[in-house]
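Descriptive analysis of the structure
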Amino acid sequence: MYQVLRESTSTFVSLRGCRYHVRHWGNPAGSATPLVLAHGWMDVAASYQFMVEALSEAFVQQRPIIAFDWRGYGLTESPPTDSYWLPDYLGDLDALLDHFYPGQAIDLVGHSMGGNVVMMYTGARPERVRRLVNLEGFGLAVAHPAQAPGRMAKWLDELKAQREGRNELKPYADAAGVAARLMKTNRRLPQGKADWLAQHWASQGADGQWRILGDSAHKVTNPYIYRVEEALEMYKRITPPLLAVEASDDSLSQWWKGAYTLAEYHERLKAVPQVRLEVIQDAGHMMHHDQPEALAHLLEEFLA
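Now for a look at the structure at hand. Starting from 1, residues in each chain are numbered consecutively following that chain's sequence as written. This being a predicted model, a pLDDT of at least 70 is required before a residue's local features are given, and a value of 80 or more before pairs of side-chain atoms are given or counted; all residues contribute to the totals for chains, interfaces and linings. Heavy atoms throughout the structure, all of them, feed into the side-chain values; hydrogens and water do not.

1. Focus on the pairing of strand S1 (residues 9-15)
Both S1 and strand S2 (residues 18-26) contribute to a ladder of seven bridges, which runs antiparallel. Looking at the pairing, Ser-14 lines up with Arg-19 of S2. A pair of strands is treated as paired once DSSP finds two or more bridges between them. What counts as a helix is a DSSP run of H or I of at least four residues, what counts as a strand is a run of E of at least two, and both are numbered from the N terminus.

Laid out in structure tokens, this is it:
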């Protein structure tokens, strides 16, 4: 199994009805700007371990570094629910920053879903962020008002499926099965890292089965259509410099099959006043697993 080189410590804090799990690296008394890491959909804070280990010792010793499990993920304890709402993530992040770094601007990194959250958050609270990094948080394809009735009906159908237990996540017989699932999703993930991640991405229940530490309610679609015009207005208010990082594999094209393209995403980024776009080679969507050294180098340069 992967040998951890830079251990994290865990704390728990009460935020908006949740008991949030937070991982800490670095120097909590460091004088440099704190670095806050937000994970993506069906992921956990521990996913940043490889990237944090790739950061230089000087960088790490100068600043506090934290990553947290969003509500409904990892070791964070959340109230029961049958669906999750994007504004709640912004509210949780705001409360978390007020708890750990009140009145202090931070450096903020988000991956995938977390990337979308930190973009919206920084548009609403630009004064709370010194530097912003978005790792493949692309947003969604343009939606049209005519899609609204169907979207609402889909939400109702998926809530029913959730109530009836038809939305449950697949269990695994052992941790090796979880690791195999991770490697199937990410062909670049080596066995040792997959084995280590499996221990944090899932847990063993009383029945001996291993289950992903992600609430199945996250699979329920949002009842409201995506309004790109609103997203762009948020982007316009992102006053801190933004580093937007993509993987060479072009995940967007794989997901959307032409309905939403990198060219469209790049056009949206033009709404951000200060943006730098970078591509990491030989990487897929989980770039912090695939190329942690390259990503760490970009972060250190940008956050200097």
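2. Focus on the side chain of Asp-43
Within the element layout of this structure, Asp-43 appears in the loop between strand S3 (35-38) and helix H1 (49-54). This buried residue, Asp-43, is left without a salt bridge; Arg-23 holds the nearest opposite charge, at 9.9 Å. Burial classes: relative accessible area under 20% of the type maximum marks a residue as buried, over 50% as exposed, and values in between as partly exposed (1.4 Å probe, protein chains only). This count recognises Lys and Arg as positive and Asp and Glu as negative, with His and chain-terminal groups excluded. The rule for a salt bridge is simple: a side-chain nitrogen of Lys or Arg has to be within 4 Å of a carboxyl oxygen of Asp or Glu.

3. Here we look at the environment of Val-60
You can see Val-60 is positioned in helix H2 (residues 57-61). Considered as a pair, Val-60 and Val-142 are 82 residues apart in the sequence and their alpha carbons are 40 Å apart. In contact with Val-60, other than residues within four places in its own chain, are Arg-6, Gly-26, Asn-27, Val-52, Leu-55 and Ile-65. We call two residues in contact whenever any of their non-hydrogen atoms come within 4.5 Å of each other.

4. Quick look at the packing of aromatic side chains
Stacked, edge-to-face and tilted are the three classes for Phe, Tyr and Trp ring pairs, Trp counted by its six-membered ring, which pair at centre distances within 6.5 Å; planes under 30 degrees apart are stacked, over 60 edge-to-face, the rest tilted. Scanning the model with the defined rule gives twelve aromatic pairs in all. For the ring pair Trp-85 and Tyr-224, a centre distance of 6.2 Å and an interplane angle of 50° mean the geometry is tilted. One end of the pair, Trp-85, is in the loop between strand S4 (64-68) and helix H3 (86-100); the other, Tyr-224, is in the loop between strand S8 (210-212) and helix H8 (228-236), with 139 residues separating them in the sequence. Since its relative accessible area comes to 30%, Trp-85 is described here as partly exposed. The class of Tyr-224 is partly exposed, set by a relative accessible area of 46%. Seen in terms of ring centroids, Trp-256 and Tyr-260 are 6.1 Å apart; in terms of plane orientation they differ by 75°. Their pairing is edge-to-face. The buried category is assigned to Tyr-260, whose relative accessible area is 0%. Every member of this aromatic cluster is reached through a ring pair, and the members are Tyr-20, Phe-68, Trp-70 and Tyr-89. Directly above the aromatic system of Phe-12 lies the positively charged group of Arg-19, at a separation of 4.0 Å from the ring centroid. Directly above the aromatic system of Phe-50 lies the positively charged group of Lys-193, at a separation of 4.6 Å from the ring centroid. The rule for a charge over a ring is simple: NZ of Lys or CZ of Arg within 6 Å of the ring centre, and within 35 degrees of the ring normal.

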